Amino acid sequence: CHCMSDNALTSEEGIYPDYYHWIVNTLRIISKINNVNWILKAHPSRKHYGEGDRIYDIFRRYGTAENIYILEDTINSNLVFDLADVIVTVRGTAGIEYSSTGIPVIIAGKGFYDGFGFTIEPKTVKEYESVLEKCDKLRPLFDEQITMAKKVSWAYINLYKAFDETDQVLSQAIKTEFPYIGQTDVVFKNLINLYNKGITYKDSHFYKAGYESV
């Protein structure tokens, strides 16, 4: 689950208007799908947003089926890599993390890693529901998809090492370079050049603003 108040009204386009409507409706959908074991995971950073553990109230209220389980914070999240056959999110970083290991990911919104061919991207609520109903038929990603996920993940990591300048590089790349990512390394060379200049994530305005707010 996402942090409900994290960029709730200004984030990219999604099937649902916000994260709250997404999780509630997703729980309603999966509560009717009894041939899959569903494991719910609260976002580890939710308390930084003042949300506490209220997400568990939502889990218990709408996720009432016997085959829906909650992965408590006391359990290491790395266990998900061993347990999960499919991941469901809106645009969380889990989408890129698990795709990079070959686990198929269903996303309910546009993010920095959609459109590269390694995620399942339903466009409507009806299509989203249909994908969830058939998720037990999904198979691990192909090697080409995993490679693409790793490339995008690498770019994302470097974005946060030098956020201010790489933000501009990647924004331009989405329009020009990324569709040809398999044929050119221009974007990645630009990112490496920035990093070699000594620009780090902790020097960025993005990091400083976040640190001051916490």
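Heads up: the structure comes first, above all this text.
Residues numbered from 1 in each chain as written. Predicted model: local features only at pLDDT ≥ 70, side-chain atom pairs only at ≥ 80, totals over all residues. Heavy atoms only, no water.

Peer 1: Looking at this model, I keep getting lost on the overall build of the chain. Mind explaining?
Peer 2: Across its full length, the chain carries 9 helices and 4 strands. Along the chain, from the amino end to the carboxyl end, the secondary structure elements read α-β-α-β-α-β-α-β-α-α-α-α-α. Within the span of the chain, comprising 214 residues, buried residues form 39% of the whole. Sequence separation of at least 24 residues holds for 58% of the intrachain contacts in the chain that already meet a minimum separation of 6. Summed over all atoms, the accessible surface of the chain reaches about 12,700 Å², with 52% contributed by carbon and sulfur. (Helix = DSSP H or I, 4+ residues; strand = E, 2+ residues; numbered from the N terminus. Buried < 20%, exposed > 50% of the residue type's maximum accessible area, 1.4 Å probe, protein only. Contact = heavy atoms within 4.5 Å. Areas by Shrake-Rupley, 256 points an atom, 1.4 Å probe, with all protein chains shown as cover.)

Peer 1: Can you walk me through helix α1 (residues 19-30) in this structure?
Peer 2: Because an α-helix packs 3.6 residues into every turn, residues spaced three or four apart end up facing the same way. Compared with the 16 Å implied by 1.5 Å per residue over 12 residues, the 16 Å span of α1 between its first and last C-alpha is a close match. Buried within α1 are the following residues: Tyr-19, Trp-22, Ile-23, Val-24, Thr-26, Leu-27, Ile-29 and Ile-30. Considering only its buried residues, α1 is in contact with β1 (38-41), α2 (54-62), β2 (68-71), β3 (87-89) and α5 (125-133). Two or three places before Tyr-20, at the opening of α1, Asp-18 has a side-chain oxygen 3.2 Å from that residue's backbone nitrogen. (Expected span 1.5 Å × (residues − 1). Polar contact = N/O pair within 3.5 Å; in protein donor to acceptor, adjacent residues only side chain to side chain.)

Peer 1: Would you mind going over the environment of Pro-140 with me for this structure?
Peer 2: With respect to the helices and strands, Pro-140 occurs in the loop between α5 and α6 (143-161). The class for Pro-140 is exposed, based on a relative accessible area of 60%. Taking the C-alpha atoms as reference points, Pro-140 and Ile-103, separated by 37 residues in sequence, lie 5.4 Å from one another. When near neighbours in sequence (up to four residues on either side) are disregarded, Pro-140 contacts Gly-102 and Pro-104.

Peer 1: Help me understand the packing of aromatic side chains in this model?
Peer 2: The description of two aromatic rings rests on the distance between their centres and on the angle between their planes. Counted according to the given criterion, the structure contains 5 aromatic pairs. Ring centres 5.9 Å apart and planes at 80° place the aromatic pair Tyr-56 and Phe-59 in the edge-to-face group. Residue Tyr-56 and its partner Phe-59 are located together in helix α2, separated by 3 residues, close to a single helical turn. Judged by its relative accessible area of 1%, Phe-59 falls in the buried class. Aromatic pair Phe-112 and Tyr-113: ring centres 5.0 Å apart, planes at 90°, arrangement edge-to-face. (Phe/Tyr/Trp six-rings, centres within 6.5 Å; stacked < 30°, edge-to-face > 60°.)

Peer 1: Just to check I follow, could you spell out the packing of α1 against α2 for this structure?
Peer 2: When two helices pack together, their arrangement is given by the angle between the helix axes and the distance between those axes. Between α1 and α2, whose axes approach to 9 Å, the crossing angle comes to 30°. In terms of orientation, α1 lies roughly parallel with respect to α2. The handedness of the crossing between α1 and α2 comes out as right-handed. Within the contact between the two elements, α1 uses Tyr-20, Ile-23, Val-24, Leu-27 and Arg-28 and α2 uses Ile-58, Phe-59 and Tyr-62. For the contact of α1 with α2, the residue count by class is 7 nonpolar, no polar and 1 charged. (Axes fitted to C-alpha atoms, helices over the stretch in contact; angles between N-to-C directions. Parallel < 35°, antiparallel > 145°, perpendicular 65-115°, else oblique. Left-handed = near helix turned anticlockwise from the far one by under 90°. Nonpolar A, V, L, I, M, F, W, Y, C, P; charged D, E, K, R; others polar.)

Peer 1: What is the right way to look at the pattern of salt bridges in this model?
Peer 2: Once their charged atoms are close, side chains differing in charge can pair, the charge on each being opposite to the other. Tallied over the entire structure, the rule returns 6 salt bridges. Between Lys-41 and Asp-73 there is a salt bridge, and its shortest N-O distance comes to 3.8 Å. Of this pair, Lys-41 sits in strand β1 while Asp-73 is found in the loop between β2 and α3 (79-83), placing the two residues 32 residues apart along the sequence. We note a salt bridge from Glu-121 to Lys-123, for which the minimum N-O separation is 3.6 Å. Under the relative-accessibility criterion, Lys-123 is labelled exposed at 57%. (Salt bridge = Lys/Arg side-chain N within 4 Å of Asp/Glu carboxyl O.)

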